[in-house]
Structure formats: C-alpha cells, structure tokens
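Residue-level structural notes
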Amino acid sequence: MDMHSTGFVISQTDGRPMYLQIIEQIKQRIAVGDWAKGEEIPSIRQLAVALQVSVITVKRAYLELEREGVIVTRHGKGSTVAADPDLGPRLYERELAQHLDQAARIGDLLGISPKDLQNRLRDAIQSYLSSNRSTAEEP
Amino acid sequence: MSDLAVHFSGVGKTYPHFTLDDIHLELPTGSIQGFIGANGAGKSTTLRILMGLVHQDRGTVQVLGHSMPASQVAAKRDIGYVSEDLRLYKAATLAWHMSFVRSIFPGWDAAYAEELARRFDLKPEQKIKGLSHGQRVKAALLLALARRPRLLVLDEPTTGLDPVARHEVLGALTEVLADERRTVLFSSHNTLDVEQISDRITFIDRGRILDSDDKESFLDRWRRVRLEVPANAVLPEVPGIVDATRSGRLAVVTTDHYQPDLAAAYQKAGATVFAVEAMTLEEIFVADVRSRRERKAA
C-alpha cells in the first residue's frame with residue numbers, strides 16, 4: 001500500500017497529541033469511504049513507518065479506535081475497519097464541550113452576566129454563518 | 001531469547017571531573033529509544049560503555065544477550081554504531097567504504113545500500129573529504145544501516161543536519177522498525193526529533209538518569225496548570241508538583257504526575273483553574289532538569 005497517497009499529515013505545531021491527529025485522520029478516511037467497512041487497514045508498524053512516527057503512538061491511536069468500535073484488531077491478524085464503525089461526533093463533541101466550559105469560566109472571571117454571554121455566543125454564531133454564506137454564494 | 005536488546009544495571013564510571021552513576025537502562029527489542037541530555041550530560045559515555053569502547057567501573061551491561069565489555073566482539077557483529085566523530089577515511093570514496101564494510105560483515109545488503117545512496121542523495125564515487133557535514137553523517141548512517149544490524153546505536157545522528165537531511169535520516173530510522181526484531185537507540189539534544197520517532201525516552205543530566213518511560217506516558221504525566229489564587233488562599237500540598245510559581249493572584253503549577261483530581265483539589269482550596277496544558281517534550285525536559293538541579297542545590 002502506498003501510504004503517501006493516503007494523505008496523512010501529522011503536524012508538530014497542531015498542539016494536539018500526535019495520536020489524536022492519527023485517530024481523527026483515520027476516521028476521516030473511513031467516513032469518506034477510502035477505507036471501506038470490514039477492509040484490512042495498515043498494521044501498526046506499517047503506518048508508523050509511513051508516517052515516520054513511533055510505533056507506540058500509532059498503537060495508542062489503534063487502541064483508542066478499537067475501544068470506540070471504529071476498528072477491530074484480532075491478535076496476530078492485523079486490524080480491519082469495523083463492520084459498522086461508530087464514527088459518532090465524539091471527538092468534536094468533546095472539543096465543543098471543552099470550549100463551552102472555558103467560555104463559561106472566562107465569562108464568569110470577567111464578570112459578564114450569563115445573559116450577556118449568551119448574547120455574545122449568538123453574535124458569534126451569526127457572524128460565522130453570515131461570513132460563510134456570503135463566501136458560499138460567490139460564483 | 002531475551003526481549004531486552006540492551007540492559008544496563010547500576011552502571012557507573014568515575015573520571016577526575018565527571019561521574020556517571022547508577023545508570024539503569026532497559027531497551028525492549030523492536031523499539032526506538034531516544035536518549036536526551038544536555039552537552040556533557042553523559043550520553044556519549046553511556047553509549048561508549050554500551051559499545052565496549054569504555055569499560056564501566058561498576059555494574060553490568062548486557063547487549064543482545066552478550067555481556068559487555070567481555071563479549072564485545074560477538075556483540076558488535078550485530079550492532080551498527082555511528083558516533084559523532086564518524087571515523088571515515090577522508091582520502092577514500094564512499095564506494096571504497098561500502099566494499100570495505102561489506103568485506104567484514106556478511107549481512108551487507110548491497111541493494112539496500114544503493115537505495116539509501118539514492119535516497120540520501122550521495123554519490124558513491126565521491127571522496128569523503130569532498131562531502132559536507134550532513135553528507136558525511138548520511139554516509140556513515142548508510143554504512144551502518146546496510147549491514148542490517150539488530151541494534152543501531154547512534155550518537156547525535158541529526159545534529160547539524162539541514163531540515164531535508166534530517167527528514168531523510170528520521171525516515172530511514174523509522175523504516176528500520178518495520179522489522180520488529182530490530183532496535184534503535186539514539187542520543188540527541190533535539191527533543192523534536194525524539195518526540196516524533198521514539199517509543200521510549202530517557203532523560204540524563206550530570207551523569208544520572210532523571211527519568212525513563214514510554215513516550216505516551218511521559219507526555220500524559222506532565223501538565224502545566226494555570227490558576228487564579230485569591231490572596232488569602234493556600235494551595236494544598238499535592239504529590240508530584242515539580243514547580244510552582246506565583247505572582248500576584250496568578251499561579252503556574254507544573255506536575256509530573258497529573259491526575260484530574262488535582263484540578264478539583266485546587267478548586268476546593270478556592271483557586272480557579274484557567275487551563276490545564278499539555279507540554280512539549282522540550283518543556284518537560286527543561287522543567288525536569290531545572291527542578292532536579294535546584295533540589296540538589298538546596
């Protein structure tokens with residue numbers, strides 16, 4: 001398998017641990033169908049070599065993916081994509097929860113009332129949506 | 001077969017101005033171990049003891065099942081060693097070195113050697129004296145890799161390399177591990193390289209091992225916690241705090257044994273936790289070295 005064509009990019013400035021980046025990119029690959037359900041995926045060592053990262057980092061990503069029901073690993077036989085992979089929004093869900101938590105805390109710190117904080121969030125949503133819509137409508 | 005490729009136990013060596021003491025190292029077969037230390041910390045001495053080039057005063061060293069330095073001849077057949085001084089003959093060509101190494105080591109893989117020369121952008125007909133520092137490092141690495149040794153010992157392999165050459169060298173090192181019977185030990189003061197490709201990490205400072213663990217545990221254990229502490233509040237004593245600085249109401253606490261209940265303990269004491277930050281290996285190394293040196297000085 002030519003791993004370079006699978007387009008994994010591990011960033012050292014991303015801030016998130018490398019194993020999380022690997023998990024996310026494997027999920028994307030499965031979500032778009034590049035790695036089909038039930039299909040064999042690279043071994044831990046193969047992927048480590050291709051990504052030029054340590055075996056232990058890829059191993060951790062695979063263990064996590066297994067726990068989440070995304071891949072199935074049979075001892076000595078390698079790993080496959082689960083027949084019914086659960087690609088649920090867990091990863092982003094967790095990130096969102098952290099950001100909201102942070103917003104609530106900093107809001108409190110700055111003495112912003114809950115009502116004002118809610119309004120700030122509404123403004124942020126509106127400005128995001130309007131800027132995105134305007135770019136989408138351009139030819 | 002032992003599943004430890006390298007095992008140091010209580011190893012020490014005393015020089016007039018430097019003492020290497022109580023070195024314990026365990027390197028499981030099939031892994032890459034990064035050995036991090038400042039200049040003069042004892043990295044090279046440790047690697048030379050491993051190679052039987054320096055004899056320890058105390059302790060035992062097992063390498064690939066051989067006792068060092070007593071069985072170094074047998075052990076060295078399966079070890080590829082690249083040191084900082086490189087030991088290449090300046091007047092000879094790379095091709096001459098290749099056929100020389102091939103004549104000594106029957107395991108020489110000529111096809112792999114040619115492939116490495118291509119990938120490293122080296123011309124075998126070129127004389128060593130005409131090569132840049134980076135090209136010499138890559139040439140020495142080629143000579144070690146093409147023997148396909150079971151253990152690769154590399155002293156600062158990426159120091160002084162340009163970004164492209166560094167990338168080529170790191171790639172070649174991770175490829176070695178596609179074969180799970182092979183093991184790599186490399187020293188570096190470039191924590192970024194170590195963080196990227198190592199399975200296990202050992203810190204050394206002033207002749208002693210500070211810490212040794214698998215990389216994921218290392219990165220998981222260390223956290224920096226940013227807090228706001230009311231003037232009258234006292235932060236609880238928690239084990240595993242490496243460093244705590246307070247200026248006004250703001251405090252930064254560094255721990256090498258992070259648990260989620262740490263944040264809870266601080267909240268309970270009246271502090272507000274702003275952030276729990278992961279640290280890079282470089283930040284971890286510097287924090288570890290500093291706190292140990294301070295504790296020793298105190």
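Please refer to the structure placed before this passage.
Residues numbered from 1 in each chain as written. Chains lettered and ligands numbered in written order. Predicted model: local features only at pLDDT ≥ 70, side-chain atom pairs only at ≥ 80, totals over all residues.

Residue and element names in this part refer to chain B. The strand order across the open sheet built from six strands is S6-S7-S8-S3-S9-S10, with neighbouring strands paired in mixed fashion. In the strand order of this sheet, the two ends are held by strand S6 (79-82) and strand S10 (208-214), each with one partner. Between one strand axis and the next, the sheet turns by 15° as a mean value, whatever way the strands run. Pairing between strand S7 (residues 151-155) and strand S8 (residues 183-188): five bridges, direction parallel. (Pairing = 2+ DSSP bridges. Helix = DSSP H or I, 4+ residues; strand = E, 2+ residues; numbered from the N terminus. Axes fitted to C-alpha atoms, helices over the stretch in contact; angles between N-to-C directions.)

This part covers helix H10 (residues 281-297) of chain B. Residues and elements named next belong to chain B. Here H10 is 17 residues long and its end C-alpha atoms lie 24 Å apart, about the 24 Å a rise of 1.5 Å per residue gives. Taken residue by residue, H10 has Leu 281, Ile 284, Phe 285 and Asp 288 as its buried positions. Projected down its long axis, H10 shows its buried positions confined to an angular sector of 100°, all on one face. When the buried face of H10 is taken as reference, the exposed residues oriented beyond 90 degrees from it are Arg 293, Glu 294 and Ala 297. Buried residues in H10 make contact with strand S3 (32-37), helix H7 (191-197), strand S9 (200-205), S10 and helix H8 (215-221). (Expected span 1.5 Å × (residues − 1). Buried ≥ 20, exposed ≤ 12 C-beta atoms within 10 Å, placed from the backbone. Arc of directions from axis to C-beta. Contact = placed C-beta atoms within 7 Å.)

Across the boundary between the two partners, chain B contributes 20 residues, which contact 13 residues of chain A. Looking at the side of chain B that touches chain A, the elements that each hand over two or more residues are helix H6 (163-176), H7, H8 and strand S14 (272-278) of chain B. By residue number, the principal contributor to the side of chain B that touches chain A is H6(B), which donates four residues. Taken together, the residues that form the side of chain B that touches chain A break down as eight nonpolar, six polar and six charged. (Nonpolar A, V, L, I, M, F, W, Y, C, P; charged D, E, K, R; others polar.)

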